[in-house]
Amino acid sequence: ACLWLKVGVLLHLLLLFETADTCARRTAYNEALGKELSFSEKCIAKNPKSYWVWLYRRWITMKLEGSMNWTRELGLCEKLLDLDSRNFHCWNYRREVSKRAGHVFADDLLFTEKKIKQNFSNYSAWHQRSFLLPLVYTHASDLLAELLKELELVRSALYTEPADQSGWIYHRWLTGTILAHMKQVEQESCAQGLPSSPAEFLCEELAKQQELRDLEPDSKWVIVTCVYLRLLLLSVTGTDTDTSADRAAVAADLQRLSQLDPPHAQYYAFLQH
């Protein structure tokens, strides 16, 4: 409530100063905003996950657009993410600051990789990568090749922390996005050494997940992913192919999941039918 009162006062000043003819009044308004910028920084230090403080700081930076030190703002974001690498408020704010600073998307991508390697359980950093990859690799075939390389990064997370769902969620996004882009570059795939078909890609990825399953036979997430991959494989397999083994494997995995994850047993039963 106090922050919005401050916004009301500043808006009133803005109406006065923006319509004023004197530079002195405009300077006074900018000085007031500068003080509020420092004040919001102190508020963030005390409560780094307050929606209102971040919104307030964003509003101030919009008003100070021409005089903002965006490099300093990026540095502030990095310090805050060193303290809490999963603070999605800071990640969202950093994305906007990076854009205003004219930052290179490829550098932002490297930053997300750095934070992920510090802590694989980082939903915000994984999400940021899903946003940045299409901006860095604008050609469909280049993006597809990079998405396939991205599987190696996420596999490192899955092997290190198989019980953490952040990497698995990103893996599912990655799988779906790869399949979507394979349709766009189907004619170029063979020439670039990429999988020749969605079925080939899914079989290769399923084999990789089976390797992890051999090491973690009771991991809920690896079994869920095997079911997901097999269901996708069944959806792209032609009618002339015998799919009975895959269907049997899905049924057995769903039964096993019901035992490992009783709270979701009804969901697994639904999938089975």
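Shown above is the structure to which this text applies.
Summary of the structure given here. (Residues numbered from 1 in each chain as written. Predicted model: local features only at pLDDT ≥ 70, side-chain atom pairs only at ≥ 80, totals over all residues. Heavy atoms only, no water.)

## Focus on the overall build of the protein chain
Part 1: For the protein chain, the helix and strand inventory stands at 14 helices and zero strands.
Part 2: The secondary structure elements of the protein chain, listed N-terminal to C-terminal, are α-α-α-α-α-α-α-α-α-α-α-α-α-α.
Part 3: Of all 273 residues assigned to the protein chain, the portion counted as buried reaches 42%.
Part 4: For the protein chain, the share of sequence-separated contacts (at least 6 apart) that also reach a separation of at least 24 residues comes to 61%.
Part 5: Element-wise, carbon and sulfur atoms account for 57% of the exposed surface of the protein chain, whose accessible area totals about 14900 Å². (Helix = DSSP H or I, 4+ residues; strand = E, 2+ residues; numbered from the N terminus. Buried < 20%, exposed > 50% of the residue type's maximum accessible area, 1.4 Å probe, protein only. Contact = heavy atoms within 4.5 Å. Areas by Shrake-Rupley, 256 points an atom, 1.4 Å probe, with all protein chains shown as cover.)

## Overview of the side chain of R57
Part 1: As for its position among the elements, R57 is in helix α3 (residues 51-63).
Part 2: Of the polar contacts made by the side chain of R57, one reaches the backbone oxygen of L37; its length is 2.8 Å.
Part 3: Not counting residues within four places of it along the chain, the set of residues in contact with R57 comprises L37, S40, E41, I44, R72, E73, L76 and Y93. (Polar contact = N/O pair within 3.5 Å; in protein donor to acceptor, adjacent residues only side chain to side chain.)

## As for a nonpolar patch on the surface
Part 1: Nonpolar side chains collect at one region of the surface, where Y51, W52, L55 and F88 lie side by side and expose about 440 Å² of accessible area between them.
Part 2: In terms of residue count, α3 provides more of the nonpolar patch than any other element does, three residues in total.
Part 3: Its location among the elements puts Y51 in helix α3. (Patch = residues over 30% accessible without salt bridge, like charges linked within 9 Å, V, L, I, M, F, W, Y side chains within 5 Å. Salt bridge = Lys/Arg side-chain N within 4 Å of Asp/Glu carboxyl O.)

## Comments concerning the nonpolar core
Part 1: Judged by nonpolar contacts, the single largest core of 53 residues is most densely connected at W126, I178 and F201.
Part 2: Of the residues forming this core, the biggest block, eight residues, is contributed by helix α8 (residues 140-160).
Part 3: With near-sequence residues (within four places) excluded, I178 lies in contact with L144, L147, L148, L151 and F201.
Part 4: Ranked by size, the runner-up nonpolar core spans eleven residues in total, among them L158, W168, V227 and Y268. (Core = buried A, V, L, I, M, F, W, Y, C linked by side-chain atoms within 4.5 Å.)

## Some points on the environment of V97
Part 1: Tracing the backbone through its elements, the reader meets V97 in helix α5 (residues 88-100).
Part 2: Measuring from C-alpha to C-alpha, the distance between V97 and N69 comes to 9.9 Å, with 28 residues separating the pair along the chain.

## Some words on the state of the cysteines
Part 1: Taken as a whole and judged by the stated rule, the model has zero disulfides.
Part 2: As a non-bridged cysteine, C90 has C77 as the owner of its nearest cysteine sulfur, 4.2 Å distant. (Disulfide = S-S within 2.5 Å.)

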